[in-house]
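Residues per chain are reported as follows:
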Amino acid sequence: MVDRDATLTELIALLGPKAVLSDPAELAGYERGTRYGSGRAACVVRPRDALEVQQIVRWAHKHGLRLIAQGANTGLVAAASPDDSGDQVIVSFERMRHEIDLDVHNRTVRVGAGVLLQSLNDRLRPHGLCFPIDLGANPSIGGMIAANTGGARLMKYGDVRRNLLGLEVVLANEDATHLELMSGLRKDNSGVDLKQLFVGTSGAFGFITAAVLEVHPLPRQRATALLVPRTAASAMELLRTLEMSCGELLTSFEAMSRAAMECVFRFRPQVRNPFDADVPELAILVELTSAASTSMGVDLERILESALAALADGDEAPLADALLGRAEESWQLRHGISDCLRDAGTVIAFDISVRRSAILALRDFMIQELRQRWPHLQVCDFGHLGDGGLHLNLVWPHDCGVPPDAATIQHVREFVYDALVRQFRGSFSAEHGVGPYNVAMYERYTAANRLAIAGDLQRLFNPDARLGTVRFGSS
Ligand SMILES: Cc1cc2nc3c(=O)[nH]c(=O)nc-3n(C[C@H](O)[C@H](O)[C@H](O)COP(=O)(O)OP(=O)(O)OC[C@H]3O[C@@H](n4cnc5c(N)ncnc54)[C@H](O)[C@@H]3O)c2cc1C
């Protein structure tokens with residue numbers, strides 16, 4: 001039987017009173033995830049460095065307590081939220097938000113795990129640099145590594161994994177082993193690349209305390225257009241041709257369905273409808289970026305204009321219309337979708353991916369099959385078409401009179417995931433990772449031999465599943 005008061009007193013003696021929160025009112029903000037996941041925590045502890053993280057791990061071992069790492073709490077699979085037991089201790093990295101150490105010549109930055117993406121970019125901007133993972137939230141670097149965040153510019157810059165050159169980790173074993181993997185080298189084949197095991201594993205292998213990230217020249221030019229493909233099926237032809245004509249300048253290729261855009265126009269009247277006629281069945285937000293200035297002879301607007309002119313030439317051309325410029329308004333539309341769908345109804349959200357060559361067939365299949373099975377459901381899909389990612393978000397409208405029950409939602413989820421994984425060979429989690437929200441899918445679709453190896457690795461770093469909310473082995 002754990003004496004809660006005595007363990008907390010011991011923790012406060014180790015780390016000081018500012019490090020520990022235990023008042024229920026103070027805990028509330030840490031106990032609930034942005035969209036999914038809520039429970040009760042034993043307390044929140046806020047270390048200032050890796051040494052304090054080690055002290056926390058040893059203290060938790062001594063008292064048999066379970067730990068959860070938490071960054072900015074913007075994750076979308078409930079992986080940073082406690083369960084209802086009231087036994088788990090949340091380790092928040094919010095006091096590790098200050099270390100940002102730039103190496104200009106290596107074009108890398110050493111950052112503390114709690115540093116927020118926006119603060120990092122604010123510090124990099126005066127040096128003409130950025131960390132280019134782009135999303136509609138402001139996560140911490142530790143959380144981004146644990147979730148392997150993607151975002152809307154993945155086509156050009158890749159995910160977090162592709163930009164990670166070093167990692168410092170504290171394991172959840174009894175010794176609280178401190179692993180220093182901070183080489184910052186772009187080329188290093190001198191052994192097993194251990195740092196990759198902590199990327200995208202939902203904080204269940206160890207605490208990330210610091211990282212070395214590759215940073216990139218800040219784009220000096222940007223050219224944006226909203227494209228209307230002749231038919232939805234022409235979208236991939238647009239992508240293929242733009243990749244061939246614009247090469248590495250192509251940074252985003254984001255699709256938005258009519259139903260998704262109409263939701264934004266309805267619930268965010270400040271976002272103007274840019275289309276003269278009806279809202280098209282599908283629109284694509286295309287963005288080119290370059291770090292070269294126009295004085296170097298590279299003019300992105302001109303390049304985009306001539307690439308689009310070629311795509312609109314002829315009766316069978318894949319491009320029906322293009323609205324150039326208006327970058328801010330186009331991104332407002334794209335980033336507004338997720339929240340506006342929630343104003344329209346109950347959202348059943350899917351963060352999925354397939355091979356790009358299969359994405360339109362998957363979309364057609366889902367629209368047709370879902371409409372037949374659940375006529376109330378509206379498919380309001382949008383997402384990162386350029387990297388095979390799709391947020392296949394389904395809205396059960398508030399005004400349809402019949403609210404969905406839990407069994408129906410479960411049935412819809414199983415139908416979509418089964419077809420996606422078994423028929424289209426896609427991924428049930430394209431970029432949000434694995435957490436209590438979708439761990440059942442992980443267990444359902446992961447081969448037994450893969451489960452066994454993942455479980456062995458987790459036990460090696462985190463022997464008695466003391467850390468995290470996911471078990472990667474078979475349950
Ligand atoms: C509006 C909105 C838009 C989003 N758009 C995208 C998008 O386009 N692409 C995308 O990929 N994601 C997106 N996300 C999801 C989310 O922002 C990312 O998953 C993010 O990387 C989570 O970081 P965080 O700091 O908030 O982590 P948290 O939510 O606090 O935690 C996430 C996971 O990381 C673990 N963790 C946190 N810190 C550490 C640490 N120091 N050591 C070990 N483990 C740790 C947690 O235990 C948990 O498993 C979006 C979220 C929102 C709310």
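Residues numbered from 1 in each chain as written. Predicted model: local features only at pLDDT ≥ 70, side-chain atom pairs only at ≥ 80, totals over all residues.

1. Observations regarding the overall build of the protein
Regarding its fold elements, the protein presents 14 helices and 21 strands. Principal axes of the C-alpha set define a box for the protein whose edges measure 75 × 60 × 45 Å. Relative to its full complement of 475 residues, the protein shows a buried share of 45%. Of the contacts made within the protein by residues no fewer than 6 positions apart, 71% connect residues no fewer than 24 positions apart. (Helix = DSSP H or I, 4+ residues; strand = E, 2+ residues; numbered from the N terminus. Buried ≥ 20, exposed ≤ 12 C-beta atoms within 10 Å, placed from the backbone. Contact = placed C-beta atoms within 7 Å.)

2. Regarding the domain arrangement of the protein
Taken domain by domain, the protein consists of domain 1 (4-92), domain 2 (100-217) and domain 3 (221-423). Computed over C-alpha atoms, the centres of domain 2 and domain 3 are 29 Å apart. At the interface, eight residues of domain 2 touch 13 residues of domain 3. At three residues, helix α6 (residues 154-157) tops the list of elements feeding residues into the side of domain 2 that touches domain 3. Each residue belonging to the side of domain 2 that touches domain 3 can be placed in one class, and the counts come to four nonpolar, two polar and two charged. (Domains from an automatic or database assignment. Nonpolar A, V, L, I, M, F, W, Y, C, P; charged D, E, K, R; others polar.)

3. Focus: the site of the ligand
Taken together, 34 residues lie near the ligand, and Gly71, Gly75, Gly142, Gly143 and Gly203 sit nearest. If you list the elements that add at least two residues to the shell around the ligand, you get β3 (66-70), α5 (141-147) and β10 (207-214). In terms of residue count, the dominant contributor to the shell around the ligand is α5 (five residues). Residues that form the shell around the ligand fall into these classes: 16 nonpolar, 17 polar and one charged. (Near = placed C-beta within 6 Å.)

4. Things to note about the environment of His398
Mapping His398 onto the fold places it in the loop between β21 (394-397) and α12 (406-423). C-alpha of His398 to C-alpha of Ala344: the two residues are 54 residues apart in sequence and 6.2 Å apart in space. His398 has contacts with Ala344 and Gly345, leaving out every residue within four places of it along the chain.

5. Some remarks on the pairing of strand β14 (residues 282-290)
Across the nine residues that make up β14, a large majority, nine, are buried. Both faces of β14 are covered, namely the face carrying Leu282, Ile284, Val286, Leu288 and Ser290 and the face carrying Ala283, Leu285, Glu287 and Thr289. Pairing geometry for strand β12 (residues 221-229) and β14, over seven bridges, is antiparallel. Bridge assignment links Leu227 to a residue of β14, and that residue is Ile284. Of the strand pairs in this sheet, strand β13 (residues 250-257) and β14 are connected by seven bridges, and their pairing is antiparallel. Residue pairing in the sheet places Glu254 in a bridge with Leu285 of β14. (Pairing = 2+ DSSP bridges.)

6. A word on the sheet that holds strand β1 (residues 20-21)
Judged by pairing direction, the sheet is mixed, and its four strands sit side by side in the order β1-β2-β4-β3 without closing on themselves. Of all the strands in the sheet, just β1 and β3 have a single pairing partner and so form its edges. Docked against the sheet, helix α2 (residues 24-31) engages β1, β2 (41-45), β3 and β4 (88-92), running at close to 85° with respect to β2. (Axes fitted to C-alpha atoms, helices over the stretch in contact; angles between N-to-C directions.)

7. Details of the sheet that holds β21
Strand order in the open sheet formed by three strands is β16-β21-β18, with antiparallel pairing between adjacent strands. Edge positions in the open sheet fall to β16 (345-348) and β18 (378-379), since each of these has one partner strand only. As paired strands, β16 and β21 are joined by four bridges and run antiparallel to one another. From the neighbouring strand, Gly345 faces β21, where its bridge partner is Pro397.

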